[in-house]
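A look at the structure
Here's the letter readout for the chains.
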Amino acid sequence: MVIIVNRVVHCFFLHSDTRRHSHFKGLKVINFRFTSKVLQNEVDEAFLNIHVQELEQRLNVTLGPEEFFSIGLQVNRVTRNSQGSKASVPYTESSIKMSRKELKVGRWVKLNVTTMVAEFFRLPRENLAIVVRVQDSKNRMSLVVPHPSSESNNALMPYIEVSLRDNSHKRTRRTIGMDCTENSKEVRCCRYPLSVNFEEFGWDWIIAPKQYDANYCSGECPYSFLQKYPHTHLVHLVTPQGSGGPCCAPRKMSSISMLYFDDDLNIIYGTIPGMVVESCGCS
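First, a word on scope: everything that follows refers to the structure included in this document. (Residues numbered from 1 in each chain as written. Predicted model: local features only at pLDDT ≥ 70, side-chain atom pairs only at ≥ 80, totals over all residues. Heavy atoms only, no water.)

1. Let's talk about the overall build of the protein
This is how the line gets drawn: We count a stretch as a helix when DSSP gives it H or I for four or more residues in a row; a strand needs E for two or more, and each element gets its number in order from the N terminus. Remark: exposure states derive from per-residue accessible area (1.4 Å probe, protein chains only) relative to the maximum for the residue type, with buried under 20%, exposed over 50%, and partly exposed in between. Contact definition: two residues touch when any of their heavy atoms are within 4.5 Å. Working definition of accessibility: Shrake-Rupley area with a 1.4 Å probe, residue cover restricted to the visible protein chains.
A count of helices and strands for the protein gives five helices and 18 strands. Counting over 283 residues, the protein shows a buried share of 42%. Considering only contacts in the protein between residues 6 or more positions apart, those separated by 24 or more positions represent 70%. When the accessible area of the protein is evaluated, it comes to approximately 16300 Å², of which 50% is carbon and sulfur surface.

In structure tokens, the structure reads:
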């Protein structure tokens, strides 16, 4: 699981659990496990990412590589009914067009499962268990979604992208530095918002986040402001005249996690430290 600080939400990517699997009505069940800390939050939005690919062609179809097929997708949650038996509840159903070429190499599809994940968060169980139905509208081919129990490439395993509402305003925060906007007239050291968009740099190898709030520090460090930082104040007083004075700089940084393609087109996620300015001060 990877936590990404992104605007007013915490966003993370959860891969399917490779340790446990079962079947329901002939379909393989995909399990997702959330930590208790994550489950304490509210879901802002959630997306299931699956890799759809043709397994075998059932009939001879005389279509060119650019001809399109209509593919039906349905996501059901596997749960227990009032009698304790397994039941399947449909949450998302959609249809996409895929060319013969796309079906051969496979394609990532993103499905909105916000309602399903939000309901699971409100009444969680051990795992979020789902089954995914993928069918050709004319039943001309077999389609496959990689499953944790298979020996297929782990880079193609289904994963869920979840954004959680930031409830930090409900907690008592110790003020460290100041936050300002671009329209603020504040001249003292302050933290300003700055959004970085990777797509603008041409970094299409980054899957998510496409952009994030990096923030930056700017402003002056007068004596009246230095009282909050006694060490900086004293150092400024004892340093020889003409030496560099205090400057506005990050006091606290946090990391972000990214989902990206490596050189072999495998999906990798990693945490990069020092990417978000949490607070600014004079140093």
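2. Remarks on the packing of aromatic side chains
Here is the rule: Here a pair means two rings of Phe, Tyr or Trp (six-membered ring of Trp) with centres within 6.5 Å. Their orientation is stacked below 30 degrees between planes, edge-to-face above 60, and tilted elsewhere.
For the structure on display, the rule yields nine aromatic pairs. Relative to phenylalanine 121, the ring of phenylalanine 34 lies with its centre 5.1 Å away and its plane at 75 degrees, an arrangement referred to as edge-to-face. Of this pair, phenylalanine 34 sits in the loop between strand E4 (27–32) and helix H1 (36–39) while phenylalanine 121 is found in helix H3 (residues 114–122), placing the two residues 87 residues apart along the sequence. By relative accessible area, phenylalanine 34 is classed as buried at 8%. Among the aromatic residues, those joined into a ring-pair cluster are Phe198, Phe201, Trp203, Trp205, Tyr212 and Tyr260.

3. Quick notes on the state of the cysteines
Threshold: The disulfide criterion used throughout: a pair of cysteine sulfur atoms within 2.5 Å.
Per the stated rule, a full pass over the model turns up three disulfides. Through a disulfide, cysteine 180 is tied to cysteine 190; the S-S separation comes to 1.8 Å. Taking the sign of the S-S torsion, about 100 degrees here, the bridge from cysteine 180 to cysteine 190 comes out right-handed. Placement of cysteine 180 in the loop between strand E11 (159–165) and strand E12 (190–192) and of cysteine 190 in strand E12 is noted, with a sequence separation of 10 residues between them. As far as burial versus exposure is concerned, cysteine 180 and cysteine 190 are alike and both buried. With its sulfur 2.1 Å from that of its partner, cysteine 189 forms a disulfide with cysteine 248. With the S-S dihedral at roughly 70 degrees, the linkage between cysteine 189 and cysteine 248 falls on the right-handed side. Of this pair, cysteine 189 sits in the loop between E11 and E12 while cysteine 248 sits in strand E17 (residues 248–261), and the two are 59 residues apart along the sequence.

4. Overview of the pattern of salt bridges
Between side chains of opposite charge, pairing is possible as soon as their charged atoms come close. Counted only if it meets this: The rule for a salt bridge is simple: a side-chain nitrogen of Lys or Arg has to be within 4 Å of a carboxyl oxygen of Asp or Glu.
This model, assessed by the stated rule, comprises seven salt bridges. Here glutamate 102 and arginine 107 are joined by a salt bridge, their closest N and O atoms 3.5 Å apart. Note that aspartate 179 and arginine 191 form a salt bridge whose closest N and O atoms lie 2.9 Å from each other. With aspartate 179 in the loop between E11 and E12 and arginine 191 in strand E12, this pair connects stretches of sequence that are 12 residues apart. Given a relative accessible area of 51%, aspartate 179 falls into the exposed group. Owing to a relative accessible area of 15%, arginine 191 belongs among the buried residues under this scheme.

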